[in-house]
Amino acid sequence: MSDELRTSFAVDRRTFLKAASLATVAATAGGLEALAEPSSRYTRIHVPAGAHPAMRSAAEILAGKIGLKYDAIAEYRGSAAHHRGGIVLALKETRGVPASLSGPILRDGYAAMAEDGGLMVCGARPRSLLFAAGEPHHWIDRGIDSKAGVWARNPDFTLRLSGWHPRYKAAELAAMLGANTFTAPLRASISLREQMPEVYAKLSADERQRLDAGVEEAMTRNAAMVKEFHDADLTVFSELPYGNNFSRWSPALYEAFLAVYPSAKGVPEEHSWEKAALCPSDPATWKLLDAYIGEWARQSQADGIAATFWDQYGMFCHDPRCKANGLDQFKNELYESISHYYAVMKPMGKQLHLRTWSSGCPHWLGDQYVHAPGYGQFSESHYELWSRVATETPGEILMQTKVYHSDCEPDPPFSTMLGKCKPHIEIVEYQDVGQTIGRQYFPASVVNYMAWTMKKALGLVGHEGGAEIGAGGTMQTNYDVYADILNGCKAYAWRELSWDVNADLDKLWADWAGQIYAPQAAPHMAKAMQLSEDAVYKTFSPLGFGSATNSDFAGDIARRETLLRYTNRNYLPEYTKFLEPTTENIDLVVAEKQKALADIDAMFEALEAAKPYLTAAERQEIETRFDWLREFAICNVTLDMSLWRFRYLRAQAAMLTTDPAQLKPLAEAWDTVAKHAPLLFRYDPAQKFTCYDVPLGQLRRKPDLGTPLPLMHEIYARSLAFMEESVGPDYLPQEYIRTTVSINVPTEMQHPSRLKND
Ligand SMILES: [Zn+2]
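For every chain, the first residue of the written sequence is number 1, and numbering continues from 1 onward in sequence order. With pLDDT at 70 or above as the cut-off, local features in this predicted model cover only qualifying residues; side-chain atom pairs require 80 or more to be listed or tallied, and sums for whole chains, interfaces and linings still use all residues. The side-chain values count all of the structure's non-hydrogen atoms but skip hydrogen atoms and water molecules.

> Please clarify how the sheet that holds strand S14 (residues 398–402) should be interpreted in this entry.
Whenever strands of a sheet pair, they do so through backbone hydrogen bonds, lying parallel or antiparallel. Two strands qualify as a pair provided DSSP detects at least 2 bridges between them. Every helix listed is a DSSP run of H or I at least four residues long, and every strand listed is a run of E at least two residues long, numbered separately from the N terminus. Here we have eight strands rolled up into a closed barrel, ordered S7-S8-S9-S10-S11-S14-S15-S16, and parallel in their pairing. On average, each strand axis in the sheet is tilted by 25° relative to the strand beside it, whichever way the strands run. Summarising the sheet, strand S7 (residues 159–163) and strand S16 (residues 466–471) pair through three bridges and their orientation is parallel. When the bridges of S16 are listed, Arg160 appears paired with Ala467. With respect to the sheet, helix H14 (residues 330–345) is in contact with strand S10 (304–307) and strand S11 (351–355), its orientation differing from that of S11 by roughly 155°. Interaxial angle, 0 to 180 degrees, is taken between N-to-C directions of lines fitted to C-alpha atoms, where a helix line uses only the stretch in contact. Whether two residues are in contact is decided by their heavy atoms, any of which lying within 4.5 Å being enough.

> Looking at this model, I keep getting lost on the coordination of the zinc ion. Mind explaining?
Geometry reference: four tetrahedral donors at a metal, ideal angle 109.5 degrees. Six octahedral donors, ideal angles 90 or 180 degrees. Coordinating donors are taken to be N, O and S atoms lying within 2.8 Å of the metal, or within 3.2 Å when the metal is Na, K or Ca; because water is excluded from the atom set, some sites may appear incomplete. For the zinc ion, every protein donor is listed as Cys279 (SG), Cys317 (SG), Asp319 (OD) and Cys322 (SG), and the spread of their distances is 2.1 to 2.3 Å. Under this scheme a four-donor centre is tetrahedral when all angles range from 85 to 135 degrees, a four-donor centre is square planar and a six-donor centre octahedral when opposite donors are above 155 degrees with the rest from 65 to 115, and any other centre is irregular. One can describe the site at the zinc ion as tetrahedral: its four donor atoms subtend angles covering 96 to 119° at the metal. Sequence positions of the residues that donate to the zinc ion give the spacing C-x37-C-x1-D-x2-C. One end of the pair, Cys279, is in the loop between helix H11 (251–260) and helix H12 (283–300); the other, Cys317, is in the loop between S10 and helix H13 (320–325), with 38 residues separating them in the sequence.

> Please clarify how the packing of aromatic side chains should be interpreted in this entry.
For any pair of aromatic rings, the description consists of the separation of the ring centres together with the inter-plane angle of the planes. Aromatic rings from Phe, Tyr and Trp, taking only the six-membered ring of Trp, are treated as a pair when their centres fall within 6.5 Å; an angle between ring planes under 30 degrees marks them as stacked, one over 60 as edge-to-face, and anything in between as tilted. Taken as a whole, this structure holds 38 aromatic pairs when the rule is applied. Measuring from ring centre to ring centre gives 6.3 Å for Tyr110 and Trp499, while their planes differ by 55°; the resulting arrangement is tilted. Highlighted residues: Tyr110 in strand S4 (residues 110–115) and Trp499 in helix H17 (residues 488–499), separated in sequence by 389 residues. Residue Tyr110 shares its accessibility class with Trp499, and that shared class is buried. In this structure, Arg208 packs its charged tip against the face of Tyr200, placed 5.7 Å from the ring centre. The ring of Phe604 has Arg630 sitting right over it, with the charged end atom 3.8 Å from the ring centre. Accessibility here uses a 1.4 Å probe with only protein chains present; expressed as a share of the type maximum, an area under 20% marks a residue as buried, one over 50% as exposed, and anything in between as partly exposed. A ring is scored as having a charge over it whenever the NZ atom of a lysine or the CZ atom of an arginine sits within 6 Å of its centre and within 35 degrees of its normal.

> I'm lost on the packing of H17 against helix H18 (residues 505–514) in this one. Help?
Any two packed helices are characterised by how steeply their axes cross, that is the angle between the axes, and by the distance between the axes. Close contact between H17 and H18 brings their axes to 10 Å; oriented N to C, the two are set at 130°. Relative to H18, the element H17 lies oblique. For H17 against H18, the interelement crossing comes out right-handed. For the pair H17 and H18, the contacting residues are Gly488, Cys489, Tyr492, Ala493, Glu496 and Leu497 in the first and Leu505, Leu508, Trp509, Asp511 and Trp512 in the second. Partitioning the contact of H17 with H18 into residue classes produces eight nonpolar, one polar and two charged. Any angle between 65 and 115 degrees counts as roughly perpendicular, while under 35 counts as roughly parallel, over 145 as roughly antiparallel, and the rest as oblique. Two helices that cross are described as forming a left-handed crossing if the nearer one is turned anticlockwise from the farther one by less than a right angle, and a right-handed crossing if clockwise. Note on residue classes: Ala, Val, Leu, Ile, Met, Phe, Trp, Tyr, Cys and Pro are nonpolar, Asp, Glu, Lys and Arg are charged, and everything else, Gly too, is polar.

> Got a minute to help me understand the sheet that holds strand S2 (residues 73–76) in this structure?
Spatially, six strands are ordered S2-S1-S3-S5-S4-S6 in an open sheet, and the strand pairing comes out mixed. Whereas interior strands pair on both sides, the edge strands pair on one side only; in this sheet they are S2 and strand S6 (150–153). With direction set aside, neighbouring strand axes in the sheet form an average angle of 20°. Bridge count between strand S1 (residues 44–48) and strand S3 (residues 86–91): three bridges; the pairing is parallel.

> Explain the pattern of salt bridges here, please?
Between side chains of opposite charge, a pair can form as their charged atoms come close. Each reported salt bridge corresponds to a side-chain nitrogen of Lys or Arg within 4 Å of a carboxyl oxygen of Asp or Glu. Tallied over the entire structure, the rule returns 40 salt bridges. Among the salt bridges present, the one from Arg125 reaches Asp233, with a minimum N-O distance of 2.6 Å. Highlighted residues: Arg125 in the loop between strand S5 (118–123) and helix H5 (126–133) and Asp233 in the loop between helix H9 (205–231) and strand S9 (235–239), separated in sequence by 108 residues. Note on Arg125: relative accessible area 34%, which makes it partly exposed. For the salt bridge of Arg682 with Glu631, the shortest nitrogen-to-oxygen distance reads 3.9 Å. You can see Arg682 sitting in the loop between helix H23 (663–676) and helix H24 (709–727) and its partner Glu631 sitting in helix H22 (residues 616–654), a full 51 residues away along the chain.

> Would you explain unusual backbone geometry in this entry?
Negative phi values dominate among residues other than glycine, just as trans dominates among peptide bonds. Each neighbour pair has its own omega, and for Trp310 with Asp311 the value is 0°, a cis peptide bond. Relative to the helices and strands, Asp311 is located in the loop between S10 and H13. Here the residue pair Lys422 and Pro423 is connected by a cis peptide bond, since its omega of 10° sits within 30 degrees of zero. Considering the arrangement of structural elements, one finds Pro423 in the loop between S14 and strand S15 (426–432). Despite not being glycine, Asp233 shows a phi value in the positive range, around 60°.

> How should I be thinking about helix H3 (residues 53–65) in this particular structure?
Working note: α-helix, 3.6 residues per turn, so residues spaced by three or four point in the same direction. Helix length check: H3 (13 residues) gives 18 Å between terminal C-alpha atoms against 18 Å at 1.5 Å per residue, within 8%. Here H3 lies mainly inside the structure; 11 of its 13 residues are buried. Taken residue by residue, H3 has Ala54, Met55, Ser57, Ala58, Ala59, Glu60, Ile61, Leu62, Ala63, Gly64 and Lys65 as its buried positions. Gly67 sits one or two residues past H3 and shows a positive phi near 75°. Expected helix span is given by 1.5 Å per residue-to-residue step, counting one fewer step than there are residues.

> Can you help me understand the nonpolar core in this one?
Proteins that are soluble and globular tend to have nonpolar side chains buried together. Definition of nonpolar core: a set of buried residues of the types Ala, Val, Leu, Ile, Met, Phe, Trp, Tyr and Cys, connected through side-chain atoms within 4.5 Å. Counting residues in each nonpolar core, the largest one holds 163 residues, and the members touching the most others are Ile87, Leu89, Trp139 and Tyr517. Contact partners of Trp139, with chain neighbours within four places excluded, come to Leu62, Ile87, Tyr110, Ala112, Leu119, Val121, Ala132 and Trp151. Membership of the second largest hydrophobic core comes to 55 residues, among which are Ile305, Tyr313, Met315 and Tyr342.

> Looking at this structure, I do not really get the pairing of S15. What am I missing?
Every other side chain in a regular strand lies on the same face of the sheet, so the side chains alternate between the two faces. Taken across its seven residues, S15 has seven buried, putting it largely inside the fold. On S15, burial covers both faces: Glu426, Val428, Tyr430 and Asp432 on one face and Ile427, Glu429 and Gln431 on the other are all buried. Of the strand pairs in this sheet, S14 and S15 are connected by four bridges, and their pairing is parallel. Considered in S15, the bridge of Gln400 is made with Ile427. With six bridges connecting them, S15 and S16 associate as parallel partners. Following the sheet pairing, Val428 is matched in S16 by Ala467. Regarding the hand of the β-α-β motif, the stretch spanning S15, helix H16 (residues 447–461) and S16 is right-handed. Orient the strands so they point away from the viewer, and a crossover whose first-strand-to-second-strand path over the helix runs clockwise is right-handed.

This is the structure we're talking about:
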């Protein structure tokens, strides 16, 4: 194992990498001698002499997982042959590998065969052995007798993609995730000195110096990162700056460019959220973009470039030229942009990867109109938006589409575009960042959703297609999703399902929990996490109509109602009946919210059963995070039930009548929120979770999803006003009157338009 790899292992973490981290604990505690007995019957690992570095890394990761010292790794020359008590790693083309072992291997899979008291593991290519090393629980006990035969493990998706992670080496990520393609922050420092000297001349002397000086540093850093991925036999893409708004990509170059080519400045549509930094009808625009992207590709040294378009869109130009030639339309702008990206990269031998996501459904945000093209309803369909790219650009461009027919979770309908973009290779994207289900603070599974959608996606994109996971924690600091003893289940499930969409979910849960928890605790923890999926869906998304993209409490009614548009999962006509302001719909919301709280109670019951077998640290962390979910849920569901009452009273008032019976539940809601708001996110600052690298008190961003009080008070006060309008003050029962004391509303919440959408 390289020193770097050793260092990266030396982190206290408990995950589905548990076995590896045990080796680490032993190593950091003063030597591998401290290790317990090896956890398998095999005592040696054999790799071919002069093997690809990925094979060597595979042997080292495997040794860690099965409790062997690194000196248990031996090299062999010549033919691969079974060794009693040993695991022999080989490739399809290695001499001595029997055809019965190499034959069943497809794509970049692997196969294992037991014979003569030894085991031979054969990979399609070097990285295949990293995938094997990450999951020995699947193959190591396939029987030490030859009777067990050959066990082949072939991935269902040819491409499995994920992202770089600061705490894990490329080889480790591949072993953990079974992924073969990664995006990484391979950044460039671009001055355009060579490509557009006339623009360069307009940069300030400081900018010129800064950008030119940054090139060597970027190139050196990128070369090392790319080598790390290639040493693990992996493909790596560089991410272009987010979106396609050049004024954000490089403000200095943008300004210098416009000083030379003022006609290239785009003309935005009035009130448009989508911007027009550059005009796609002006030839100088493409001169600039071609130069910038070519230089980015050169400096990044990656195998390709990954591009996004929303939600920093900068090509929505409405000058007379664009209006005349159709480049004021999203689908033509996308086609034009992507054709240019491709034309630059093709001769450089680089691949192009697109994320085709858009953002919610159309709505006003303050005084700006968010077009949100691509999700139907009042905008064009997802396929329409991308139709020119799909049909008129070369098939080798990778098209990655979110599985969600909406921005993100929870429990959204299935994408309408997947399967429609052939001959392009299509990739189904999962965004495992806890965005609308509590930012990973809370226990929140999405495994059932992943299971049915992954199967459906494979049917549509085929084995040649891909599956992607963007794993992490939205708006979190110090967080490591792979070390999360609760929500790590999602990355684990993604790995299992991207290899086998028909994986047995009961076994998947048992394997996941069994690698983290004591055997007596594991089934109960698996059950608690399984229950969390419905619990968080119902907590966050009343009747599927969505809530804040980053899970926080809306500050006021206007913001909450904007969110009902923006994150609305069910914006199809057949669902509007659930938004009608009726007592029946209030009852539906109340029943759903009571079910959410009942689901959370059941999670606590499972936790109680697990508790005697959890370590003290596990118990503290899990109890804290379960409590966070329960208290948040109590406040959030109370707000949603009250919001539906408010909407009903508002509709009644429009008909010059009211319903005083709503006062009692609204007063009780007020009391509930007043009681539980102070109980949100209770923790001991000295406490440390496995998923954070510092104690809770030292997190750069404290666990917090805002306050429910301003919204509760506004809902109550305005509901009361509607009732008084008809009833007057005398006929409302005084015991349900609450005083709307002046509330300390955070400034940003007083102005919903200032809140960014996501
Ligand atoms: Zn234009």
